[in-house]
Amino acid sequence: SKAAVSKWETETSYPDIQLLPGLASYFDISIDELIGYEPQMDRDGIRKMYRIITEEFASGAFGPAVEHCREYARKYYSCYPLLFQIASLLINHSMLAPDQQGMENLAEEAAELCSRVRTGTDDPNLGQNALHLEAYCLLALRRPEEVLELLGPEPPMTGTPEPILASAWTMSGNSDEAKKILQAAIYKNIITFLNLLPSYMEVCAEDRKKFEESCRRLCAVAEAFRMDKLNPGIMLTCYITMAQGWSALGEKEKTLEVLERYTELVCGDIYPVRLRGDEYFDLLYDWFEEEL
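Owing to the predicted nature of the structure, the values given are computational and were not obtained by experimental measurement.

## A word on the environment of Glu-67
Position of Glu-67 among the secondary structure elements: in helix 5 (residues 62–75). A distance of 3.2 Å separates polar atoms of two side chains, one belonging to Glu-67 and the other to Arg-74.

Have a look at this one:
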């Protein structure tokens, strides 16, 4: 009969659903990939999801927030930009876990998501960001050998494309876009500098001259670009690192001086803490919204 033929065709054309996990495991892919299910979330959706879960973490709903991260990761396992943001949420809030094991579990989950993004995405910028975040997760897990293997012993010598892009926009008659690109590049490199100096100060903590000179140069750059206003979050980290270093060197007065700066900043009008522009960086507001 037609019903029997239809039943036979169905049974012989499609594998038993119970076989799917085994097949996916055999081919080292997800079940979604096996059946061609690749859900994607657009950029606005990712931003909305990120804000909602961030607010959940901030409200103290740690368990539900983590579970929502996992639900999104399962549902959108092929949406690499979203997976990267989920990894960021997990590692950035891992210190809220109730114990050390919970922190390590979240760092491990974040590292695995980053690895998937790094090996699966066609976007070189996203892949590079995932690489760096994966390395950070591994460092948090105290696995330095894996970090060195992942990143290599020395960072690659690469140039920046912004001057070329700016020249191209200028030649095309769009000087505003050229200015925005260069402003963003300057801003990013200042942030990079202010991330590097505290790390260098920690390494040079026992070398008083190097530590003191690093503090001087950091403060000079931060003051020149008004980073207390533009990025107070990173300056709080810088001040704490400086205070710890001066305290370790037995410099009580300098320690208190830096802590006073920290206190003045943290009690000031900086909330909500976010990246800002000013009259110099006057073209960055759209960039903040679009790219970060």
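The rest of the description comes next.
## Describing helix 15 (residues 252–266)
Taking 1.5 Å of rise per residue, 15 residues should cover 21 Å, and helix 15 covers 21 Å from first to last C-alpha, within 8% of that figure. Of all the positions in helix 15, only Thr-255, Val-258 and Leu-265 are classed as buried. The arc enclosing the buried residues of helix 15, seen along the axis, measures out at 90°, which places them on a common side. Opposite the buried face of helix 15, at more than 90 degrees from it, the exposed residues are Lys-252, Glu-253, Glu-260 and Glu-264.

## Let's talk about helix 14 (residues 232–248)
End to end, helix 14 covers 24 Å across 17 residues, agreeing with the expected 24 Å (1.5 Å per residue, within 8%). Residues of helix 14 that are buried sit in contact with helix 11 (175–203), helix 12 (208–224), helix 13 (227–230) and helix 15. Where helix 14 terminates, the next one or two residues include Gly-250, which has phi positive at roughly 80°.

## Some remarks on the packing of helix 8 (residues 124–140) against helix 9 (residues 144–151)
Viewed as axis vectors pointing N to C, helix 8 and helix 9 meet at an angle of 165°, and their least axial separation amounts to 8 Å. By the angle between their axes, helix 8 is roughly antiparallel relative to helix 9. Helix 8 and helix 9 meet at a crossing whose hand is left-handed. Taking contact as the criterion, the partners of Leu-131, His-132, Glu-134, Ala-135, Leu-138 and Leu-139 in helix 8 are, on helix 9, Glu-146, Val-147, Leu-150 and Leu-151. Grouping the amino acids of the contact of helix 8 with helix 9 by side-chain chemistry returns seven nonpolar, one polar and two charged.

## So, the environment of Ala-166
Mapped onto the elements, Ala-166 comes out in helix 10 (residues 162–171). With a relative accessible area of 4%, Ala-166 lands in the buried category. Residues Ala-166 and Ala-178, spaced twelve residues apart in sequence, show a C-alpha to C-alpha distance of 4.1 Å. If sequence neighbours within four positions are ignored, Ala-166 has contacts with Ala-178 and Leu-182.

## Brief notes about the nonpolar core
In terms of nonpolar packing, the biggest core is built from 34 residues, with Met-49, Leu-82, Ile-86 and Leu-90 touching the most fellow members. Listed by contribution, the elements that provide at least two residues to this core are helix 4 (43–59), helix 5, helix 6 (80–92), helix 7 (100–120) and helix 8. Ranked by residue count, the leading element in this core is helix 6, at nine residues.

## With respect to the pattern of salt bridges
Inspection of every chain in the model, using the stated rule, returns 15 salt bridges. A salt bridge links Arg-208 to Glu-251; its shortest N-O distance comes to 2.6 Å. With Arg-208 in helix 12 and Glu-251 in the loop between helix 14 and helix 15, this pair connects stretches of sequence that are 43 residues apart. Judged by relative accessible area, Glu-251 falls into the partly exposed class, the value being 22%. Glu-213 is the partner of Arg-216 in a salt bridge, and the nearest nitrogen-oxygen pair spans 2.7 Å. Taken together, the positions of Arg-216 and Glu-213, both in helix 12 and three residues apart, correspond to about one turn of that helix. For Arg-216, a relative accessible area of 49% translates into the label partly exposed.

## Quick look at the packing of aromatic side chains
According to the stated counting rule, one finds seven aromatic pairs in the structure shown. Among the aromatic side chains, those forming a connected cluster through ring pairs are Tyr-187, Phe-225, Tyr-280 and Phe-281. One residue, Arg-116, lies across the ring of Tyr-77, its end atom 3.8 Å from the ring centre.

## Details of the packing of helix 6 against helix 7
Remark: helix 6 packs on helix 7, axes separated minimally by 8 Å, with the N-to-C direction vectors making an angle of 155°. By the angle class used here, helix 6 and helix 7 are roughly antiparallel. Considering how the two elements wind past one another, helix 6 and helix 7 form a crossing that is left-handed. In this structure, helix 6 contributes Tyr-80, Leu-83, Phe-84, Ile-86, Ala-87, Leu-90 and Ile-91 to the contact, and helix 7 contributes Leu-106, Ala-107, Glu-109, Ala-110, Leu-113, Cys-114, Arg-116, Val-117 and Gly-120. Looking at the contact of helix 6 with helix 7 residue by residue, the classes come out as 13 nonpolar, one polar and two charged.

## Observations concerning unusual backbone geometry
Across the junction of Tyr-271 and Pro-272, the peptide omega takes the value -5°, indicating a cis bond. Mapped onto the fold, Pro-272 is located in the loop between helix 15 and helix 16 (285–291). Phi at Arg-142 takes a positive value of approximately 60°, unusual for a residue other than glycine. One can find Arg-142 in the loop between helix 8 and helix 9. Exposure remark for Arg-142: the relative accessible area of 72% places this residue in the exposed category. Even without being a glycine, Arg-226 presents a positive backbone phi close to 55°. For Arg-226, the location among the structural elements is in the loop between helix 12 and helix 13.

Quick notes on the rules
All residue numbers refer to position in the chain's written sequence, counted from 1. Where local features are concerned, this predicted model is filtered to residues with pLDDT of at least 70; where side-chain atom pairs are given and counted, the filter is 80 or more; whole-chain, interface and lining totals use all residues. With hydrogens and water excluded, all non-hydrogen atoms of the structure serve as input to the side-chain values. The helix and strand labels rest on DSSP assignments: H or I over at least four residues marks a helix, E over at least two residues marks a strand, and numbering proceeds from the N terminus. In protein, a polar contact requires one atom able to donate a hydrogen and another able to accept it; more generally it is a pair of N or O atoms within 3.5 Å, and residues adjacent in sequence count only if both atoms are side-chain atoms. By definition here, a helix of n residues has an expected span of 1.5 Å times n minus one. Relative accessibility under 20% of the residue-type maximum defines a buried residue, over 50% an exposed one, and the middle range a partly exposed one, all with a 1.4 Å probe and only protein chains included. By construction, the arc corresponds to the directions joining the helix axis to the C-beta atoms. Residue contacts follow a heavy-atom distance rule, with two residues in contact if any of their heavy atoms lie within 4.5 Å. Orientation is described by axes fitted as lines to C-alpha atoms, over the contacting stretch for helices, and by angles from 0 to 180 degrees between their N-to-C directions. Angular relationships are summarised with four words: roughly parallel below 35 degrees, roughly antiparallel beyond 145, roughly perpendicular across 65 to 115, and oblique for the angles in between. Whether a crossing is left-handed or right-handed is set by the direction in which the near helix is turned from the far one by less than a right angle, anticlockwise for left-handed and clockwise for right-handed. Note that Gly is not counted as nonpolar here; it falls among the polar residues with everything else outside the nonpolar set of Ala, Val, Leu, Ile, Met, Phe, Trp, Tyr, Cys and Pro and the charged set of Asp, Glu, Lys and Arg. The term nonpolar core refers to a set of buried residues drawn from Ala, Val, Leu, Ile, Met, Phe, Trp, Tyr and Cys, joined through side-chain atoms within 4.5 Å. Whenever Lys or Arg places a side-chain nitrogen within 4 Å of a carboxyl oxygen from Asp or Glu, that contact is recorded as a salt bridge. Only Phe, Tyr and Trp rings take part, Trp by its six-membered ring, and two of them pair if their centres are within 6.5 Å. Stacked means planes under 30 degrees apart, edge-to-face means over 60, and tilted covers everything else. In our convention, an over-ring charge means Lys NZ or Arg CZ found within 6 Å of a ring centre and within 35 degrees of that ring's normal.

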